[in-house]
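Descriptive analysis of the structure
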Amino acid sequence: MEWTGEGTLLAARPHGESAAIIEVLTEARGLHRGVVRGGSGRRMAPVLQPGARLHLVWRARLDDQLGTFTVEPIRARAATIMGDADRLAALNAVCALTVFSLPERDPHPRFYAATEHLLDLLSAAAPWFGAYLAWERLLLEETGYGLDLSACAVTGAVEGLAYVSPRSGRAVTEAGAGEFADRLLPLPELLRDEEAAESREQMAAGLRTTGYFLHDVLAPALGKRPLPEARTRLVSRFSGGR
């Protein structure tokens, strides 16, 4: 069994004396794992960095085996992000949440494209807060827990949306919330529109809302595993924990 393609490195861990097991995100094959011989050595260490774009050749005797990867670098991203703690935290959160959430070898082409777009923004020093929140929304959607922020769940209004219901994942206006406003999650403009003006306050509010659904809805469905620490570190960057 063999296939050739491109993918983005999400994680690498030592395996045996000198090999590494890597996890990559590909367009056609989704999340895929395999062994890289010599992957823990000095020559490969700069290549096998989170976010790196790789040319991949995967081989195995049988399709359901772990198999081995031969990799060649196409584009590094971590090196250009390393000097910005916010962007580095986002890169690590993207990689960790993808591994945490997606089943192996299940293609998600929309999610793959969004991930590549976000990682390119992070490495290009471009605005990225809105794209990151849109990415977490898409992750929830791709795993079956999407949010509906198009209209108020109570009144049907499309203007003045201010909250998200933790029960339904739908938007709610101030009028629709009424006395239950303190039980609802915030809906910053940046969570609805990734092109909206960025602010750290908007990012923090958006992370709180998507975080509820990641922590209280998605994680229990995946076996009550805790969310990756990488996301917790990202949240702390925007909640006074810098």
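These numbers come from a predicted model, not from an experiment. (Residues numbered from 1 in each chain as written. Predicted model: local features only at pLDDT ≥ 70, side-chain atom pairs only at ≥ 80, totals over all residues. Heavy atoms only, no water.)

**Notes on unusual backbone geometry**
- The phi dihedral of Arg-105 falls on the positive side, at around 60°, and the residue is not glycine.
- Structurally, Arg-105 can be placed in the loop between helix H2 (85-101) and helix H3 (109-123).
- In this structure, Ala-125 is a non-glycine residue whose phi angle is positive, near 60°.
- By the element assignment, Ala-125 lies in the loop between H3 and helix H4 (129-142). (Helix = DSSP H or I, 4+ residues; strand = E, 2+ residues; numbered from the N terminus.)

**Re the pairing of strand S1 (residues 2-15)**
- Pairing of S1 with strand S4 (residues 53-59), which is carried by 7 bridges, proceeds in the antiparallel orientation. Of the residues in S4, the one forming a bridge with Trp-3 is Trp-58.
- Both S1 and strand S2 (residues 19-26) contribute to a ladder of 8 bridges, which runs antiparallel. Paired with Pro-14 across the bridge in S2 is Ala-20. (Pairing = 2+ DSSP bridges.)

**Looking at the nonpolar core**
- One finds Leu-122, Trp-128, Tyr-132, Trp-135, Met-203 and Leu-234 to be the most contacted residues of the largest nonpolar core, which totals 56 residues.
- Aside from chain neighbours lying at most four places away, what touches Trp-135 is Val-94, Leu-97, Thr-98, Phe-111, Ala-114, Thr-115 and Leu-118.
- Listed in part, the 16 residues of the second largest apolar core include Ala-20, Ile-22, Leu-48 and Ala-60. (Core = buried A, V, L, I, M, F, W, Y, C linked by side-chain atoms within 4.5 Å. Buried < 20%, exposed > 50% of the residue type's maximum accessible area, 1.4 Å probe, protein only. Contact = heavy atoms within 4.5 Å.)

**Quick look at the packing of aromatic side chains**
- Scanning the model with the defined rule gives 9 aromatic pairs in all.
- Centroid distance Phe-129 to Phe-238: 5.2 Å. Interplanar angle 90°. Geometry classified as edge-to-face. You can see Phe-129 sitting in helix H4 and its partner Phe-238 sitting in the segment after helix H8 (229-237), a full 109 residues away along the chain.
- Phe-129 sits in the buried class, given a relative accessible area of 9%.
- The class for Phe-238 is buried, based on a relative accessible area of 7%.
- Taken together, the ring pairs connect Phe-111, Trp-128, Phe-129, Tyr-132, Trp-135 and Phe-238 into an aromatic cluster.
- Across from the ring centre of Phe-100, 4.4 Å away, lies the NZ or CZ of Arg-225, which sits over that ring. (Phe/Tyr/Trp six-rings, centres within 6.5 Å; stacked < 30°, edge-to-face > 60°. Lys NZ or Arg CZ within 6 Å of the ring centre and 35° of its normal.)

**Looking at a negative patch on the surface**
- On the surface, Glu-189, Asp-193, Glu-194 and Glu-195 cluster together into a patch of negative charge.
- In this structure, Glu-189 sits in helix H6 (residues 189-192).
- We classify Glu-189 as exposed; its relative accessible area is 52%. (Patch = residues over 30% accessible without salt bridge, like charges linked within 9 Å, V, L, I, M, F, W, Y side chains within 5 Å. Areas by Shrake-Rupley, 256 points an atom, 1.4 Å probe, with all protein chains shown as cover. Salt bridge = Lys/Arg side-chain N within 4 Å of Asp/Glu carboxyl O. Lys, Arg positive; Asp, Glu negative; His and termini not counted. Charge placed at Lys NZ, Arg CZ, Asp CG, Glu CD.)

**Quick notes on the environment of Arg-208**
- Structurally, Arg-208 can be placed in helix H7 (residues 200-221).
- Classification of Arg-208 by relative accessible area gives exposed; the value is 52%.
- With 31 residues separating them in the primary sequence, Arg-208 and Ser-239 have C-alpha atoms 9.7 Å apart.
- Excluding anything up to four places from it in sequence, Arg-208 contacts Leu-184, Leu-185 and Pro-186.

**A look at the packing of H3 against H4**
- Relative orientation of the contacting elements H3 and H4 amounts to 160°, with a least axis distance of 10 Å. It follows that H3 is roughly antiparallel to H4 by the angle criterion. By crossing handedness, the relation of H3 to H4 is classed as left-handed. Counting all contacts with H3, which are made through Arg-110, Phe-111, Ala-114, Thr-115, Leu-118 and Leu-121, the residues of H4 involved are Ala-131, Tyr-132, Trp-135, Leu-138, Leu-139, Glu-141 and Glu-142.
- Here the contact of H3 with H4 is built from residues that sort into 9 nonpolar, 1 polar and 3 charged. (Axes fitted to C-alpha atoms, helices over the stretch in contact; angles between N-to-C directions. Parallel < 35°, antiparallel > 145°, perpendicular 65-115°, else oblique. Left-handed = near helix turned anticlockwise from the far one by under 90°. Nonpolar A, V, L, I, M, F, W, Y, C, P; charged D, E, K, R; others polar.)

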